[in-house]
Amino acid sequence: IEDHVSMGMTSVRKLRQIVKNTNTVLAVELLAAAQAVDMRKGMKLGSGSMKLYKEFRKQVSYWDDERILADDVEKACNFLSTVQYRGRLESPDTL
């Protein structure tokens, strides 16, 4: 007699947490990159990068004073979760 126990649900729950954590890490990376662009005056970006930067800065502002960044990280996570920018960076007129 074999005992078959499905670990599918446990695996899906773990995968969901991994995706959430990955999104948070990418959000922090995006925050840091946008901040670096702001701090380096005259920095030239490619057309797709500039479009992504501008869309991101509409939702998350530059931080120039001390504050808790949890709200900014949450906004950045929400930005990455939207589909409005995905796949549109290739075409200059679509974002």
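The residue count restarts for each chain, going from 1 along the sequence in the order it is written. For a predicted model such as this one, the threshold for reporting local features is a pLDDT of at least 70, and the threshold for listing and counting side-chain atom pairs is 80 or more; totals across whole chains, interfaces and linings nevertheless cover every residue. To get the side-chain values, take all heavy atoms of the structure and skip hydrogens and water.

A. Here's a closer look at the overall build of the chain. Helix and strand counts for the chain come out as three helices and zero strands. For the chain, the N- to C-terminal ordering of α and β elements is α-α-α. Residue exposure (1.4 Å probe, protein chains only): buried if accessible area is under 20% of the type maximum, exposed if over 50%, otherwise partly exposed. Residue burial in the chain is summarised as follows: out of 95 residues, 23% are buried. By definition, residues are in contact when any of their heavy atoms lie within 4.5 Å. For the chain, the proportion of contacts with a sequence separation of at least 24, taken over those separated by at least 6, is 56%. For the area figures, the Shrake-Rupley method with a 1.4 Å probe applies, and any residue is considered shielded solely by the protein chains shown. Of the accessible surface of the chain, which amounts to about 7500 Å², a share of 56% is contributed by carbon and sulfur atoms. Only DSSP runs of H or I covering at least 4 residues are called helices, and only runs of E covering at least 2 are called strands; the numbering of each starts at the N terminus.

B. Representation of the packing of helix α1 (residues 8-39) against helix α2 (residues 47-59) in the model. Only the contacting stretch of a helix is used when fitting its axis, a line to C-alpha atoms as for every element, and angles between N-to-C directions run 0 to 180 degrees. Running from amino to carboxyl end, α1 crosses α2 at an angle of 105°, the nearest separation of the two axes being 11 Å. Our classification of the angle between α1 and α2 gives roughly perpendicular. Packed against α1, whose contacting residues are L30, L31, A34, Q35, V37 and D38, the element α2 presents L52, Y53, F56 and R57 at the interface. In these notes the angle categories are as follows: under 35 degrees is roughly parallel, over 145 is roughly antiparallel, 65 to 115 is roughly perpendicular, and the rest is oblique.

C. Representation of the pattern of salt bridges within the structure. A pair is scored as a salt bridge if a Lys or Arg side-chain nitrogen falls within 4 Å of a carboxyl oxygen belonging to Asp or Glu. Per the counting criterion, the structure on display carries four salt bridges. For K58, the salt bridge is made with E55, and the minimal N-O distance between the two is 3.0 Å. Taken together, the positions of K58 and E55, both in helix α2 and three residues apart, correspond to about one turn of that helix. A relative accessible area of 64% means that K58 is categorised as exposed. Salt-bridge contacts for R67 lead to D65; the nearest nitrogen and oxygen are separated by 3.7 Å. Where salt bridges share partners, they join D65, R67 and D72 into one cluster.

D. Spatial organisation of the nonpolar core. To qualify as a nonpolar core, a set must consist of buried Ala, Val, Leu, Ile, Met, Phe, Trp, Tyr and Cys residues joined through side-chain atoms within 4.5 Å. Of all hydrophobic cores here, the largest spans 13 residues; its most connected members are A27, L30, L31, F56, A76, F79 and L80. Those elements that place two or more of their residues in this core are α1, α2 and α3 (70-81). Examining the composition of this core, we find that five residues originate from one element, α1, more than from any other. Excluding residues within four positions of it along the chain, A76 makes contact with A27, L31, F56 and V60.

E. Main features of the side chain of E55. A residue is classified by how much of its surface remains accessible, and E55, at 14% relative accessible area, is buried. In protein, a polar contact means a hydrogen-donor-capable atom and an acceptor-capable atom, both N or O and within 3.5 Å, with residues adjacent in sequence counting only if both atoms are side-chain atoms; elsewhere, any N or O pair within 3.5 Å suffices. Side chain to side chain, E55 and K58 meet in a polar contact 3.0 Å long.

F. Local environment of a nonpolar patch on the surface. Here, patches come from residues exposed beyond 30% relative accessible area and free of salt bridges, joined within 9 Å for like charges and within 5 Å for nonpolar side chains (Val, Leu, Ile, Met, Phe, Trp, Tyr). Judged by side-chain polarity, L15, I18 and V19 come together as a nonpolar surface patch covering roughly 290 Å² of accessible area. Mapped onto the fold, L15 is located in helix α1.

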